[in-house]
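Survey of secondary and tertiary structure
Listed here are the chains, written in short residue letters.
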Amino acid sequence: MREIQADAIVVGAGPAGLGCAAGLLESGWRVRIVDEQPAAGGQLLRGASAGAPASAWGRALLDAGASGGAVLMSETTVFGMTSDGELAAVGPDGPCLLHASAVVLATGSQERPVPVPGWTLPGAVSVGALQALMKGAGVVPDVPYVMVGAGPLLLLTAAQLHDAGAPPLAVISTMARGDLLARFPALAGLVADPALALQGTALLAGLARRRIRVFGLNSKIGVRILGQSRVEGVEIVQDGRARSIEASLVALHDGVVPNLHLAASLGFPLHWSDASRCFLPERRSITHASGVEIHVVGDAAGIRGGLNAMRAGRRLATRLCGRSGRPAPFEDHGLRVRIARACLDKVFAPTVGLTMATPETVVCRCEGTPLGDILASLDEGAATLAEVKTATRCGMGVCQGRQCALSVCELLVRRGRVPSPTRTSAPAKPLDLHRLADFAKETHETNPFDG
Ligand SMILES: Cc1cc2nc3c(=O)[nH]c(=O)nc-3n(C[C@H](O)[C@H](O)[C@H](O)COP(=O)(O)OP(=O)(O)OC[C@H]3O[C@@H](n4cnc5c(N)ncnc54)[C@H](O)[C@@H]3O)c2cc1C
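The structure reproduced in this document is the subject of the present report. (Residues numbered from 1 in each chain as written. Predicted model: local features only at pLDDT ≥ 70, side-chain atom pairs only at ≥ 80, totals over all residues.)

Some thoughts on the sheet that holds strand β12 (residues 170–173)
Taken together, five strands build an open sheet; the order of strands is β10-β17-β11-β12-β13 and the sheet is parallel. The outermost strands of the open sheet, each flanked by one partner alone, are β10 (124–126) and β13 (214–215). One ladder, built from three bridges, connects β10 with strand β17 (residues 249–254); its direction is parallel. Directly across from Val125, in β17, lies its bridge partner Ala251. (Pairing = 2+ DSSP bridges. Helix = DSSP H or I, 4+ residues; strand = E, 2+ residues; numbered from the N terminus.)

Re helix α12 (residues 404–414)
With eight of 11 residues buried, α12 is to be regarded as a mostly interior element. Those residues of α12 not exposed but buried are Cys404, Ala405, Leu406, Ser407, Val408, Cys409, Leu411 and Leu412. Those residues of α12 that are buried are in contact with β18 (256–258), β19 (270–273), β20 (278–281), β23 (362–364), α10 (371–379) and α11 (385–392). Gly416 sits one or two residues past α12 and shows a positive phi near 80°. (Buried ≥ 20, exposed ≤ 12 C-beta atoms within 10 Å, placed from the backbone. Contact = placed C-beta atoms within 7 Å.)

Considering the site of the ligand
The full set close to the ligand counts 36 residues, and Gly14, Gly42, Gly108, Gly128 and Gly298 are the nearest of them. When contributions to the shell around the ligand are tallied by element, the ones reaching two or more residues are α1 (15–26), β5 (77–81), β9 (109–111), α3 (127–137), α4 (152–163) and α8 (306–323). Built from parts of two domains, the shell around the ligand gets at least three residues from each of domain 1 (2–110 + 257–344) and domain 2 (113–254). (Near = placed C-beta within 6 Å. Domains from an automatic or database assignment.)

Here's the deal with the packing of α1 against α8
Interhelical geometry of α1 versus α8 gives an angle of 30° and a closest axis separation of 7 Å. As α1 packs across α8, the resulting crossing turns out to be right-handed. For the pair α1 and α8, contact is made by Pro15, Ala16, Gly17, Leu18, Gly19, Cys20, Gly23 and Leu24 and by Gly306, Ala309, Met310, Arg311, Ala312, Gly313, Arg314, Leu316, Ala317, Thr318, Leu320 and Cys321, respectively. Of the residues belonging to the contact of α1 with α8, the class tally is 12 nonpolar, six polar and two charged. (Axes fitted to C-alpha atoms, helices over the stretch in contact; angles between N-to-C directions. Left-handed = near helix turned anticlockwise from the far one by under 90°. Nonpolar A, V, L, I, M, F, W, Y, C, P; charged D, E, K, R; others polar.)

Some remarks on the nonpolar core
Core analysis: the biggest nonpolar cluster contains 126 residues, and Val104 and Val250 have the highest contact counts within it. By residue number, the principal contributor to this core is α8, which donates eight residues. If sequence neighbours within four positions are ignored, Val250 has contacts with Gly123, Ala124, Tyr145, Val146, Val148, Ile225, Val231 and Val234. (Core = buried A, V, L, I, M, F, W, Y, C linked by C-beta atoms within 7 Å.)

Some remarks on the pairing of strand β11 (residues 145–150)
Counting buried residues in β11 gives six out of six residues, a clear majority hidden from the surface. Residues of β11 alternate between two faces, with Tyr145, Met147 and Gly149 on one and Val146, Val148 and Ala150 on the opposite face, all of them buried. Relative to β17, β11 is paired through six bridges, and the arrangement is parallel. Among the inter-strand pairings, Val146 is bridged to a residue of β17, identified as Val250.

A few points about α8
An ideal rise of 1.5 Å per residue puts 26 Å on 18 residues; α8 measures up with 26 Å between its terminal C-alpha atoms. With 14 of its 18 residues buried, α8 lies for the most part within the structure. (Expected span 1.5 Å × (residues − 1).)

A short note on the sheet that holds strand β16 (residues 241–246)
Read from one edge of the open sheet, three strands run β14-β15-β16, paired in antiparallel fashion. Every interior strand has two partners, whereas the edge strands, β14 (221–226) and β16, have only one. Taken pair by pair, the neighbouring strands of this sheet meet at an average axis angle of 20°, ignoring direction.

Describing the environment of Asp373
Take Asp373: it is sitting in helix α10. Its 20 C-beta neighbours within 10 Å are what place Asp373 among the buried residues. C-alpha separation for the pair Asp373 and Arg393, spaced 20 residues apart in sequence, amounts to 9.8 Å.

Some points on unusual backbone geometry
For residues that are not glycine, phi is negative in most cases, and the peptide bond is trans in most cases. Of note, Arg393 is a non-glycine position whose phi angle comes to about 75°, a positive value. Along the chain, Arg393 turns up in the loop between α11 and α12. Residue classification places Arg393 among the partly exposed positions, given that 15 C-beta atoms sit within 10 Å. Unusually for a residue other than glycine, Gln400 sits at a positive phi of about 55°.

Rendered as structure tokens:
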């Protein structure tokens, strides 16, 4: 078994992880960064190492990571921690164990599930997947496609795909004018960060300039993806009238939430946030039973955007270095940005939820559990995620509820419950069985993980 020793292991090479690593390197720490992607950058700076466009701060961050001496272990997935406090990972060279007294989880975010009828058909994808293909591989849709949902990433990706020569047939906004007006006062907070406000205005103006058609702003709409064996189009119902658009691809989006699966499996306590409508870590740092200190930072600790993620990473580095007597000076200007970001969260609170799903709509993709079964279990008295899981198998598949848990939480909240998370265990991410078997063989243990 390959064993790697460092002062700090950073999981995630996005703005938060790179920001933290850069700060630690400046103070002479030996740092390893682990990321399952082929290159550093995370979601926001994906493809930037290979020359894709990036902001000035993003480019400087990538350069600092490259020149500062941090060793990036790419295409490597961290999937758990042994009872001795070693991070367990698998990469192109097989399994390995990483030892350090400080572990930083900068695992970013993931998109919310959007369970509308037809979302499991081939040809229904997430907006983030389209953007990742475009940024990472330069691949854009070569068939007619439609984008559905709400949130800045939806609008940004529509504009980016337009500029890459593959505009969508239409963008269907699931945020009704009523929602927008009710949330309008929250926009006032954007004065705290005029640059962010300008970016948003430019984005909206850019959509109009590019003549990208946005449907659905007048009133609440229903959306159904059409097709038997694959996507053939999308039906929009508004004010009792239905119209359909033929398309071979439908991209869905309803905002992003922290990616906390690894943190949860390593022992971070989580709580339900009504404001963010997702689980958040109760604390930013914990001490593992082995004595290893584990920290969570960036979007994984709460969605605040790339620049804030980078700053939070730098702040964490300052704290870690200060504690060990090796200070790393860094001036933080993040408060105004954080206020403005919180306003954005209010304005773009999730819109789709399960409002468009029918009883037949599959909610748990791993187990094929339809909404009707989950509603029936709630009617019969299930009051927690765990009870719904036991009654319906929803969340029992390989992804351990990564997608469906949030949908069940929405249903629990509607019934006046406060969701609590279910237990996540290693492997925190789905792994090929042979890779896990290699791991067990090389550690000579059947279960080297906690619990
Ligand atoms: C699909 C998607 C697209 C986005 N696109 C944009 C955009 O275009 N513009 C924008 O402003 N914001 C975008 N965001 C939001 C954005 O990600 C951030 O605000 C910013 O990148 C957060 O930085 P971060 O370092 O916290 O996380 P990220 O940039 O997400 O980086 C997290 C990194 O952790 C790695 N990782 C996660 N788990 C593991 C594991 N177990 N083992 C190894 N590596 C792991 C991931 O591969 C990833 O590289 C997007 C979010 C998502 C989910």
